[in-house]
Amino acid sequence: MSLPAPSGTLRLRPGSVEWREVEGEIVAVDVQTSEYLAINRTGAVLWRALDTGATADQLTERLVDRFDVERAAARRDVNEFVALLAARGLLA
């Protein structure tokens, strides 16, 4: 499935989640739905950047630099992760 590339600065919507980093992973609770979210180490790299704000290009670069993956694969992962967060209403 091809997702449209997100544009502009992306960031977590303030007050939408309560979260902590635990052993390199993110444990979060969606404040609106009370659903628990567990985000692996790859997602945690993106999550930390989204906490302060980053573009899709910056998120892609973080994955490429951290995990030595091909840029196209990193961009797909970024697009999917961002789409999932947006669908939950967690992005500003």
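Up top is the structure.
These notes cover the structure that comes with them. (Residues numbered from 1 in each chain as written. Predicted model: local features only at pLDDT ≥ 70, side-chain atom pairs only at ≥ 80, totals over all residues. Heavy atoms only, no water.)

1. Topic: the packing of helix α2 (residues 56-67) against helix α3 (residues 71-87)
The geometry of α2 relative to α3 is characterised by a closest axis approach of 9 Å and an angle of 125 degrees between their N-to-C directions. Our classification of the angle between α2 and α3 gives oblique. Seen from above, α2 lies across α3 with right-handed handedness. Residues Ala56, Asp57, Leu59, Thr60, Glu61, Leu63 and Val64 of α2 form the contact with α3, whose participating residues are Arg71, Ala74, Arg75, Asp77, Val78 and Val82. By residue class, the composition of the contact of α2 with α3 is seven nonpolar, one polar and five charged. (Axes fitted to C-alpha atoms, helices over the stretch in contact; angles between N-to-C directions. Helix = DSSP H or I, 4+ residues; strand = E, 2+ residues; numbered from the N terminus. Parallel < 35°, antiparallel > 145°, perpendicular 65-115°, else oblique. Left-handed = near helix turned anticlockwise from the far one by under 90°. Contact = heavy atoms within 4.5 Å. Nonpolar A, V, L, I, M, F, W, Y, C, P; charged D, E, K, R; others polar.)

2. Section: the side chain of Asp30
Examined against the element boundaries, Asp30 turns out to sit in strand β2 (residues 25-30). Buried Asp30, no salt bridge; nearest opposite-charge side chain is Arg88, N-O distance 4.2 Å. Polar side-chain contacts of Asp30 include one of 2.9 Å to the backbone nitrogen of Gln32. Setting aside residues no more than four positions away along its own chain, Asp30 makes contact with Ser16, Val17, Glu35, Arg88 and Leu90. (Buried < 20%, exposed > 50% of the residue type's maximum accessible area, 1.4 Å probe, protein only. Lys, Arg positive; Asp, Glu negative; His and termini not counted. Salt bridge = Lys/Arg side-chain N within 4 Å of Asp/Glu carboxyl O. Polar contact = N/O pair within 3.5 Å; in protein donor to acceptor, adjacent residues only side chain to side chain.)

Everything listed is a geometric property; what it means functionally is a separate question.
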